[in-house]
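Below are the chains, spelled out letter by letter.
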Amino acid sequence: MRSTVMDGQPLSALCTPAMVVDLDKVKKNAQRMIEKFEKLGVKLRPHMKTHKTIECADIMTGGSRRCIVVSTLGEACFYADHGFDDILYAYSLPFDKVERCAILSERLELFQVLLDHPDALKQLRKRPLKCGRRWHVWLKLDCGNGRAGILHSEPEALRLAQSIAAADGVELTGVYAHCGNTYNCRGVQQIQRVAKDTTTFTMQFMEKLKIFGITCKSSIGSTPSCSHPVQDMVHLTEVHPGNYVFYDVQQSIIGSCSVEDIAVRVLTRIIGHCPHRNQLLIDCGWTGLSLDGAGKLPTGYAVIEGHPDLMLLSMTQEHGKVEPLSGKLDFNMYPLGSLLTLIPYHSCATAAMHPVYHVHSEGVLMGKWKPTRGW
Ligand SMILES: Cc1ncc(COP(=O)(O)O)c(C=O)c1O
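Rules behind the numbers
- The numbers attached to residues start from 1 for each chain and follow its sequence in the written order.
- With the structure being a predicted model, the display of local features is reserved for residues of pLDDT at least 70 and the display and counting of side-chain atom pairs for 80 or more, all residues being used for whole-chain, interface and lining totals.
- The side-chain figures draw on all heavy atoms in the structure; neither hydrogens nor water molecules are used.
- Categorising residues by exposure relies on relative accessible area from a 1.4 Å probe, with only protein chains included: less than 20% of the type maximum marks a residue as buried, more than 50% marks it as exposed, and the intermediate range marks it as partly exposed.
- The helix count covers DSSP runs of H or I at least four residues long, the strand count covers runs of E at least two residues long, and both are numbered beginning at the N terminus.
- The arc in question is the one spanned by the directions pointing from the helix axis to the C-beta atoms.
- It only takes one pair of heavy atoms within 4.5 Å for two residues to be counted as in contact.
- The salt bridge definition used is simple: a Lys or Arg side-chain nitrogen within 4 Å of an Asp or Glu carboxyl oxygen.
- Under this scheme, a helix contributes an axis fitted over its contacting stretch, all axes are lines through C-alpha atoms, and angles between N-to-C directions fall in the 0 to 180 degree range.
- Should an angle fall under 35 degrees it is called roughly parallel, over 145 degrees roughly antiparallel, and 65 to 115 degrees roughly perpendicular, with every other angle called oblique.
- By convention the crossing between two helices is left-handed if the near helix lies anticlockwise of the far one by an angle smaller than a right angle, and right-handed if it lies clockwise.
- Only Asp, Glu, Lys and Arg are considered charged, only Ala, Val, Leu, Ile, Met, Phe, Trp, Tyr, Cys and Pro nonpolar, and every remaining residue, Gly among them, polar.
- For this purpose, a residue is taken to be near a molecule or strand whenever a single non-hydrogen atom of the residue falls within 4 Å of it.
- N or O atoms closer than or at 3.5 Å make up a polar contact, with two conditions inside protein: a donor-capable atom paired with an acceptor-capable one, and, for residues adjacent in sequence, both atoms drawn from side chains.
- Cavities and pockets were defined on a 1 Å grid built from protein atoms only: a cavity is a group of points that admits a 1.4 Å probe but offers it no way out, a pocket is an open group of points flanked by protein on both sides within 12 Å along at least five of seven lines, and a lining residue is one with an atom within 4 Å of any such point.
- Throughout, a molecule is located in a cavity or pocket provided that more than half of its atoms lie within 2 Å of its grid points.
- The split into domains, and so the bounds of each, comes from an automatic or database assignment of domains.
- By buried area we mean how much accessible surface two parts lose on assembly, using a 1.4 Å probe and totalling the loss over both.
- Note on aromatic pairs: the rings of Phe, Tyr and Trp (six-membered ring only in Trp) are paired at centre separations within 6.5 Å, and the planes decide the class, stacked below 30 degrees, edge-to-face beyond 60, tilted for the rest.
- The definition of a nonpolar core used throughout is a set of buried Ala, Val, Leu, Ile, Met, Phe, Trp, Tyr and Cys residues joined through side-chain atoms within 4.5 Å.
- Two strands pair if DSSP finds at least two bridges between them.

(A) Quick look at helix α5 (residues 118-125). Buried residues of α5: A120, L121, Q123 and L124, and no others. When α5 is viewed along its axis, its buried side chains cluster within an angular range of 155 degrees and face the same direction. Tucked into the core, α5 has its buried residues touching α4 (98-107), β5 (111-115), β6 (135-142), α6 (155-166) and β8 (170-178).

(B) Here's a closer look at the pattern of salt bridges. The tally for this structure, following the rule as stated, stands at 17 salt bridges. A salt bridge links D86 to R45, with the shortest nitrogen-to-oxygen separation between them at 2.9 Å. Of this pair, D86 sits in strand β4 (residues 85-92) while R45 sits in the loop between β2 (43-44) and α2 (54-60), placing them 41 residues apart in sequence. Overall, D86 belongs to the buried group, its relative accessible area being 11%. The partner of E106 in a salt bridge is R127, with the nearest N and O atoms 2.9 Å apart. Linking E106 in helix α4 with R127 in the loop between α5 and β6, this pair joins segments that are 21 residues apart in sequence. A residue is classified by how much of its surface remains accessible, and E106, at 21% relative accessible area, is partly exposed. Salt bridges sharing common partners tie together R45, D86, K217 and E238.

(C) Representation of the packing of helix α3 (residues 73-81) against α4. With their axes 11 Å apart at the nearest point, α3 and α4 run at an angle of 25 degrees to one another. Our classification of the angle between α3 and α4 gives roughly parallel. Crossing handedness for the pair α3 and α4: left-handed. Here α3 contributes L73, G74, A76, C77, A80 and D81 to the contact with α4, which in turn contributes R100, C101, L104 and R107. Residue composition of the contact of α3 with α4, by class: six nonpolar, one polar and three charged.

(D) Structural view of the site of the ligand. Taken together, 14 residues surround the ligand, and among them R147, Y176, Y183, T223 and G242 come closest. At 2.5 Å from an oxygen atom of the ligand is found a side-chain nitrogen or oxygen belonging to Y183. Within the backbone of G242, one N or O atom sits 2.6 Å away from an oxygen atom of the ligand. In a pocket analysis with a 2 Å cut-off to the grid points, the ligand is assigned to the largest pocket. Elements that contribute at least two residues to the shell around the ligand include exactly β8 and α8 (223-227).

(E) Main features of the domain arrangement of the protein chain. Segmentation of the protein chain into domains returns domain 1 (47-241) and domain 2 (259-369). The distance between the C-alpha centroids of domain 1 and domain 2 comes to 36 Å. Facing seven residues of domain 1, the contacting portion of domain 2 comprises six residues. At the boundary of domain 1 with domain 2, total buried surface from both sides reaches about 520 Å², with 68% on carbon and sulfur atoms. The largest per-residue losses of area from domain 1 upon contact with domain 2 belong to T50, T53 and E55, which jointly make up 62% of the total buried on that side.

(F) How the structure looks around the packing of aromatic side chains. In the structure shown here, the tally under the stated rule is five aromatic pairs. Where Y79 meets F84, the ring centres are 5.0 Å apart and the plane angle is 70 degrees; that geometry is what we call edge-to-face. A centroid spacing of 6.4 Å and a plane angle of 10 degrees characterise the contact between Y89 and Y91, whose relative ring orientation is stacked. Here the aromatic residues F78, Y79 and F84 are joined through ring pairs into a cluster of three or more.

(G) Expanded view of the nonpolar core. One finds Y79, I87, F111, W135, L209, F246 and W369 to be the most contacted residues of the largest nonpolar core, which totals 89 residues. In terms of residue count, the dominant contributor to this core is helix α1 (residues 23-40) (seven residues). In this structure, this core is formed jointly by two domains, domain 1 (47-241) and domain 2 (259-369), each of which donates at least three residues. Not counting chain neighbours up to four residues away, the residues in contact with F111 comprise L73, A76, I87, Y89, C101, L104, S105 and H136.

(H) Region of the structure containing the pairing of strand β1 (residues 18-22). With five of five residues buried, β1 is to be regarded as a mostly interior element. As defined by bridge partners, β1 adjoins strand β11 (residues 264-274) across four bridges and the pair is classed as antiparallel. Each residue of the ladder has a partner; that of M19, found in β11, is V266. Taken together, the four bridges between β1 and strand β17 (residues 357-361) define a ladder with parallel strand orientation. Residue pairing for β17: D22 is matched across the bridge by H360.

(I) Representation of the packing of α6 against helix α7 (residues 188-211) in the model. α7 packs onto α6 with a crossing angle of 55 degrees between their chain directions and a minimal axis gap of 11 Å. By the angle class used here, α6 and α7 are oblique. Between α6 and α7 lies a crossing whose hand is right-handed. Across the interface between the two elements, A157, L158 and A161 from α6 touch F205, K208 and L209 from α7. Among the residues making up the contact of α6 with α7, the classes are represented as five nonpolar, no polar and one charged.

Encoded structure:
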């Protein structure tokens, strides 16, 4: 049965658990990032992985529907189907998806893939594009992030860049480094150290390429580094943050944002009193919040807004257990059916649990955003 909640109603009209998005904060976060990089003269290529919706993508791109990054081919197809173009699929090329990538490359003005291994280049060469089109390829560098990417200082990285640039039917479009190691930082100084190092390693690599007569674009970024960009980043062509549009408790701990900037919440209701355990039961389990953040916060899996004395101790699929940080609960303060508001530790993980986000302005419902899912 469809929900009967209508736009114009208060958030309390929603059935819970419900993910709610503050439209004013989303717009403010997006605009701030646009202005930051306009000022630096660096192109902002926002990542869609956090929200995966058309509406939020429109806000992040200023309505241009151009110049985005995606983390799955499912997202790429979703955005292409809605008139987006200049899409970068920033995930080490999965060999099972080469044909779908080829079709998008032949269909869009600019669809770009990313790789970090010579075997991936071989896969692209085995599937030449039709109509005289060329594969647009970004080389993924590891500049200290420690996940995907070929190590920036390895001679193989330079050799792979040269092979891409020299291959028939293929163009080396750019060099891409994600500074996810900013997630280990605490405070602006540490974030900016990583941002500076990543920029330096990337630009040193670009200089080496120039010696071989190769020029292409460069892109680095993460929400922490792009929230506090360093001057050296003016040398980059692009940056690619994504989470900033929502932010979350994790980002506020790192120092990317303040708690006031966080645009998402999960609404939950109290569904049980357990005086024998000094606990409340809520209707949000890990299917409504995710388990991301385990052991990271003194208040458990989330921050409970307006209740700094409470912690979300544990969750099963559809239940959460809430208890006080100390002392006895006054159950009269938490009647069954009353609402609690959770500020998620990691908004990407929380958003991934929800088939719909309820959008509001100052607590008044404005509509729903439906994300795409799958790979
Ligand atoms: C390859 C890549 N690029 C860009 C981003 C966006 O970074 P952030 O989530 O810090 O905004 C991510 C995030 O995981 C990523 O994996």
